[in-house]
Structure formats: structure tokens, C-alpha cells
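Examination of the molecular architecture
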Amino acid sequence: MSDGPRPGRDGEFDAVPAGDHEDPGTPPLGAVPESPPPIATPPDTPRGDGTTRPAPAAGAERRPRTAAAVAAVGLALALVVMLALTTPWRPLSGPVPGGTVAPDASRDFTAAQIARAAAFDGAISLPAYLSLALSLLSVLVLGLTPLGARLLGVVIRPARRWPLQLIVAAIVLTAVLRIVTLPFRVWAETISRRHGLSTQDWGGWAQDQLKGFMVGVIMWIVVLVLLHVLVRRFPRYWWTGAAAGGAALVVAASFLYPLVFEPLFNSFRPMPAGPVRTEVLRLAAADHVPIRDVLVADASRRTTALNAYVSGFGSTRRVVVYDTLLKSGRPDEIKLIVAHELGHAKRGDVLYGTLMGALGVAAGVCVLYLLMTSRRLLTRAGVASPTPGTGPPAAADPRSFALLLAMVTVLLQLGGPAQNLVSRHIEARADRHALDLTGDPATFTRMQRALSVRNLSDLRPNPLEYVLWSSHPSGPERIAMARNWARLHGRPDPPPLAGR
């Protein structure tokens with residue numbers, strides 16, 4: 001139910017080419033050689049057993065790249081078709097009697113509330129965008145110039161074995177990029193405190209930052225080790241195993257997220273017995289959504305924001321509400337919030353998003369293969385083999401992690417707007433589910449107003465920011481949808497809330 005993350009808010013390039021140099025075998029300008037120079041042939045590639053493997057012919061080098069390109073296009077088209085056919089582009093069907101109600105923040109929020117939300121958004125956006133810009137600049141400079149390879153070459157030199165080299169590379173590069181943006185995260189935290197959103201002391205905040213850093217490092221180590229094994233075993237077609245393995249890792253991480261990752265940042269307990277728990281379980285039974293319990297997260301030690309969510313799928317699926325919601329929310333509003341989450345659970349939105357993400361990762365890995373085998377990019381990054389077609393692939397070189405991270409960052413940034421577009425429509429469908437299940441548009445509008453005011457949600461988001469970063473509809477959009485739902489079902493329009 002929370003707003004989508006803004007850039008750099010707790011979340012998450014052209015390079016100078018290698019210098020031209022004169023070939024010592026080239027005759028002086030104007031000299032005429034007595035005979036044509038011999039055609040250079042790449043030396044054989046040493047094998048691990050001391051024998052040599054003949055250098056691959058040019059056609060042999062092109063075939064895996066062509067296959068990877070075809071696979072990337074095919075997987076990307078499959079993803080686009082799947083999203084086009086399965087995304088709920090129109091959560092409310094049919095013409096709205098009396099005309100569609102347009103979002104209007106001034107109808108349900110006071111001028112002071114709108115100004116306060118805009119002030120917070122303006123204040124938090126500056127460190128967020130500066131952090132994003134510096135993060136992108138840093139990772140691209142490290143990845144698309146020899147600087148990153150040189151840095152990693154120095155720090156991995158004492159490590160003799162490749163697993164330790166990969167671990168050192170992951171720790172150092174992740175730490176460098178984390179440190180670069182640390183001042184902006186501190187800045188954003190002070191703004192959240194000044195506006196009453198953050199309740200953490202600096203010790204707790206630092207612990208969360210360290211945990212986030214360690215989780216990122218561990219995930220990168222797993223990826224790098226598995227990738228290294230594949231590249232060594234299948235030097236020309238490692239992208240096939242990497243695409244399948246990347247998709248499998250996405251599914252595994254989503255399944256294990258509630259059990260492994262969430263407990264690192266919050267403690268959970270069953271919702272205490274009482275009228276709210278009884279009503280929530282009754283609502284789930286009426287909706288035919290099997291849930292064993294609703295969990296309460298101790299979010300109040302970190303924030304005053306109100307939220308609830310569904311995570312995991314299959315045997316790990318669970319519905320979680322913040323303890324701030326139980327302390328501050330009205331029982332009828334909590335009921336509607338949980339009804340929204342039941343909509344996600346009933347539709348299997350977490351599993352759906354996981355499978356679409358896995359398909360996207362598989363396509364992305366094929367693109368990464370094309371990038372990581374580009375002679376031009378490898379030369380820019382300082383990890384190209386002196387003689388093309390010899391030695392192990394560049395992706396097996398721990399120093400190439402800088403280039404890999406830069407390419408992953410670019411692909412994620414490019415895919416973000418499409419992911420958020422789909423997410424906003426899925427959230428709107430869950431809103432409709434809550435309205436269908438409870439039949440209470442008036443309470444829904446009050447609940448959305450309360451969430452927006454408490455969480456300082458942007459009530460009039462900048463159109464570009466909305467497209468790029470918003471994973472949820474804005475508060476006024478969700479309230480307008482409730483009024484349209486009421487008209488479609490012959491219910492009275494929920495009254496304006498600005499004067500209440």
C-alpha cells in the first residue's frame with residue numbers, strides 16, 4: 001500500500017577510449033614494403049591440462065553472439081506480450097454513469113496538507129536525485145574506463161584463488177559505491193526526521209545500512225561465483241546457463257524473502273486476538289483466500305508511516321501490517337487495507353511479478369552476454385585480451401565486475417518505468433478488489449486520505465517523476481477510483497473530505 005520508492009530513497013556515459021598507439025610493426029609513412037606482411041593468426045589458447053586449444057575462427061565467435069541476440073529478442077518479446085495480455089489496464093470496466101471522476105487533490109485534502117506533502121517531496125527529492133546521479137556516474141566511470149579494473153586488480157592481487165578474488169571484488173566495489181552515496185542517505189534521513197517520518201536513532205539507522213550492504217554483497221558473491229563457474233565451463237555459451245540460473249535465483253529469492261530477508265530488518269508477531277483479527281480472518285474466509293494468520297511488523301521503531309503488504313508465495317506467503325497501523329488506524333480502515341492485500345494474495349500478484357521478473361532477468365542476461373563480449377566495451381573497461389579470441393572470456397576475470405555492475409545498473413534503470421507502469425495497474429486492481437469485497441467506498445476514501453497524509457505522499461506528483469518512479473497510484477487517483485466504483489455500482493459518491 002505504500003508509495004513507490006523515489007530515486008535514491010533507501011533504495012537504489014561515454015568513456016574515454018584507450019589511447020591510440022603506433023603499431024611497432026608498421027613501416028614508416030611513405031615506405032613501400034618489398035612484400036605484403038604476413039597475416040597474423042591468434043595463438044592457440046592454453047588448456048587447463050597443459051595442452052592447447054586452437055583459437056576459434058571468426059564464425060565460431062559470431063555464432064554464440066547471434067544466438068544470444070536472437071534469445072534476447074525472443075525473451076523480450078515474450079515478456080512484452082505477456083505483460084500486454086495480463087496487465088489489468090482498466091481495473092474498472094464499462095462507462096461510468098454521470099461521467100468519470102477525475103483525481104483532484106483539493107477536493108479531499110486541505111491546502112496545508114497539500115503544501116506539507118509538496119514541501120517534503122521537494123526536500124527529499126534533492127538528495128535523492130543527487131544520490132542517483134552520483135551513483136550512476138560512479139558506476140559508469142568505474143565500469144566504462146580502466147579505473148574500475150585497475151582498482152579491482154590492486155585489491156584482488158593478494159588473493160591467490162579465484163573464489164576469494166571474487167569475494168574481495170564484490171566487497172570492495174559495493175563498498176565504494178555505497179560510500180559515495182552515504183552523505184545523501186544521511187541527508188535524506190535528517191529530512192525524514194525533521195518531517196516526523198523517521199523514529200530511528202543513528203545507531204539503528206547505521207545497523208540497517210550495514211545490513212543492507214551485507215545483503216547486497218552476499219547476493220553479488222553468489223551471482224559472481226555461479227557466473228564464473230559457467231563461464232569457465234561453457235566459455236562461448238555461458239549465457240544459456242546464466243539466463244536459466246538468473247531466472248531461478250529470482251524465483252528462489254522471492255520465495256525465501258519472507259523467511260530470510262524480512263527478519264533481518266523487522267520482528268514479526270501474530271496479530272493479537274481481538275475484533276480486528278477476527279474481522280480480518282472472517283474477511284479472508286469470505287474471499288476464499290487461505291491465510292493462517294496476519295503478522296504485525298515492529299515498524300514503529302523505524303518509522304511513523306502506515307503500511308501493509310503481501311510477500312512470498314506458496315508456503316511462504318503471508319500478509320503483514322505495520323504496528324503503526326494497528327495503533328493509529330480505525331478498525332474499518334484496517335479492514336479495507338487488509339482487503340487490498342487479500343486482492344494481491346487472491347490474484348497471486350507476488351508470484352506473477354516474480355515470474356515476469358524472472359523472464360526479464362533471462363532476457364537481460366542475454367543482453368549482458370552481448371555487452372560483456374563486445375571488444376569495444378572490454379577495451380574501454382581495460383579487461384580485453386591483448387589478442388582477440390585467446391585466453392578465458394573476459395567475464396571470467398574478476399576485474400570485469402566493474403563493467404558487469406555498470407551494465408546491470410543501466411539495464412535496471414531502463415526497465416524501471418515499465419515495471420512501475422505495470423505495478424500501478426496491479427495496485428489499482430487490488431483497490432478494486434477491496435471495494436468489491438467490502439462494498440464501502442466511503443471508508444476507502446477516508447482510508448486513502450489518512451494514508452496519504454500520514455505518509456506525506458506526493459498529492460500532485462511531477463509527471464516525469466510519476467512515470468519514472470511511482471509504483472502506486474497517487475492518493476487522489478485512488479480516491480477518484482473509489483468514487484467511480486461507487487457510481488458504477490449505484491452507490492452515493494463519497495463526500496469531499498477537504499473540510500473534515
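This write-up is about the structure you can find in this document.

Procedures and definitions
- Residues numbered from 1 in each chain as written.
- Predicted model: local features only at pLDDT ≥ 70, side-chain atom pairs only at ≥ 80, totals over all residues.
- Heavy atoms only, no water.
- Helix = DSSP H or I, 4+ residues; strand = E, 2+ residues; numbered from the N terminus.
- Buried < 20%, exposed > 50% of the residue type's maximum accessible area, 1.4 Å probe, protein only.
- Expected span 1.5 Å × (residues − 1).
- Contact = heavy atoms within 4.5 Å.
- Phe/Tyr/Trp six-rings, centres within 6.5 Å; stacked < 30°, edge-to-face > 60°.
- Lys NZ or Arg CZ within 6 Å of the ring centre and 35° of its normal.
- Pairing = 2+ DSSP bridges.
- Axes fitted to C-alpha atoms, helices over the stretch in contact; angles between N-to-C directions.
- Core = buried A, V, L, I, M, F, W, Y, C linked by side-chain atoms within 4.5 Å.
- Salt bridge = Lys/Arg side-chain N within 4 Å of Asp/Glu carboxyl O.

Looking only at helices and strands, the protein has 17 helices and six strands in total. In the protein, which comprises 500 residues, the share counted as buried stands at 44%.

Attention now moves to helix α11 (residues 331–347). Between the first and last C-alpha of α11 there are 24 Å, a value that for 17 residues agrees with the 24 Å anticipated at 1.5 Å per step. Burial analysis of α11 places 12 of its 17 residues in the buried class, the great majority of the element. In the stretch just after α11, Gly348 is the one whose phi turns positive, near 65°.

Residue placement: Gln165 occurs in helix α5 (residues 162–194). Contacts of Gln165, omitting those with residues within four sequence positions, involve Ile156, Ala159, Arg160 and Pro398.

Another aspect to go through is the packing of aromatic side chains. Here the distance between the centres and the angle between the planes together describe a pair of aromatic rings. Overall, the coordinates contain nine aromatic pairs when judged by the stated rule. A ring pair is formed by Tyr129 and Trp469, whose centres lie 6.4 Å apart and whose planes are at 65°; its orientation type is edge-to-face. Residue Tyr129 is located in helix α3 (residues 111–144), and its partner Trp469 is located in helix α16 (residues 463–469); the two are separated by 340 residues in the primary sequence. With relative accessibility at 30%, the residue Tyr129 sits in the partly exposed group. Judged by its relative accessible area of 16%, Trp469 is buried. Through pairs of rings, three or more aromatic residues link up here, namely Tyr237, Trp238, Trp239 and Tyr369. The side chain of Arg318 reaches across the aromatic face of Phe268, ending 4.4 Å from its centre.

Turning to the sheet that holds strand β6 (residues 318–322), a few remarks are in order. Spatial ordering of the open sheet is given by β3-β4-β6-β5, a layout of four strands whose pairing is mixed. Every other strand in the sheet has two partners, leaving β3 (268–270) and β5 (308–311) as the edge strands with one partner each. The sheet shows a mean angle of 35° between the axes of neighbouring strands, direction not considered. Bridge count for β5 against β6 is four bridges, and the pairing is antiparallel. The partner of Ala308 across the bridge, within β6, is Val321.

The topology assignment puts Val80 in helix α1 (residues 58–86). Judged by its relative accessible area of 53%, Val80 is exposed. Sequence separation of Val80 and Met356 is 276 residues, and the distance between their C-alpha atoms is 9.6 Å.

Next up on the list: unusual backbone geometry. The backbone of His288 shows a phi angle near 60°, a positive value even though the residue is not glycine. Position of His288 relative to the elements: it lies in the loop between α9 (275–286) and β4 (294–297). Of the residues examined, His288 reaches a relative accessible area of 67% and is grouped as exposed. One non-glycine residue, Leu456, adopts positive backbone phi at about 55°. Tracing the chain through its elements places Leu456 in the loop between α15 (441–454) and α16.

Neither face of β5 is open: one carries Ala308 and Val310, the other Tyr309 and Ser311, and all of them are buried. Hairpin connection, β5 to β6: the antiparallel pair is bridged by six residues, and Gly312 has positive phi, about 75°.

Turning to the pairing of β4, a few remarks are in order. Here β4 shows a buried face lined by Val294 and Val296 and a second buried face lined by Leu295 and Ala297. For β4 and β6, the ladder comprises four bridges, and the chain directions are parallel. By the bridge assignment for β6, Ala297 is matched with Tyr322.

On to the nonpolar core, then. Of all hydrophobic cores here, the largest spans 48 residues; its most connected members are Trp220, Trp238, Phe401 and Leu404. Excluding residues within four positions of it along the chain, Leu404 makes contact with Trp220, Leu224, Leu227, Leu368 and Met372. Residues Met271, Val294, Val319 and Met447 belong to the second largest nonpolar core, which totals 31 residues.

Attention shifts here to the pattern of salt bridges. Overall, the coordinates contain 17 salt bridges when judged by the stated rule. A salt bridge links Arg483 to Asp108, with the shortest nitrogen-to-oxygen separation between them at 2.7 Å. Placement of Arg483 in helix α17 (residues 475–488) and of Asp108 in helix α2 (residues 105–108) is noted, with a sequence separation of 375 residues between them. Salt-bridge contacts for Glu262 lead to Arg318; the nearest nitrogen and oxygen are separated by 2.7 Å. Taken as a pair, Glu262 in helix α8 (residues 262–265) and Arg318 in strand β6 lie far apart in primary sequence, 56 residues in all. The two residues Glu262 and Arg318 agree in class, both being buried. Sharing partners across several salt bridges, the network here consists of Glu279, Arg282 and Lys335.

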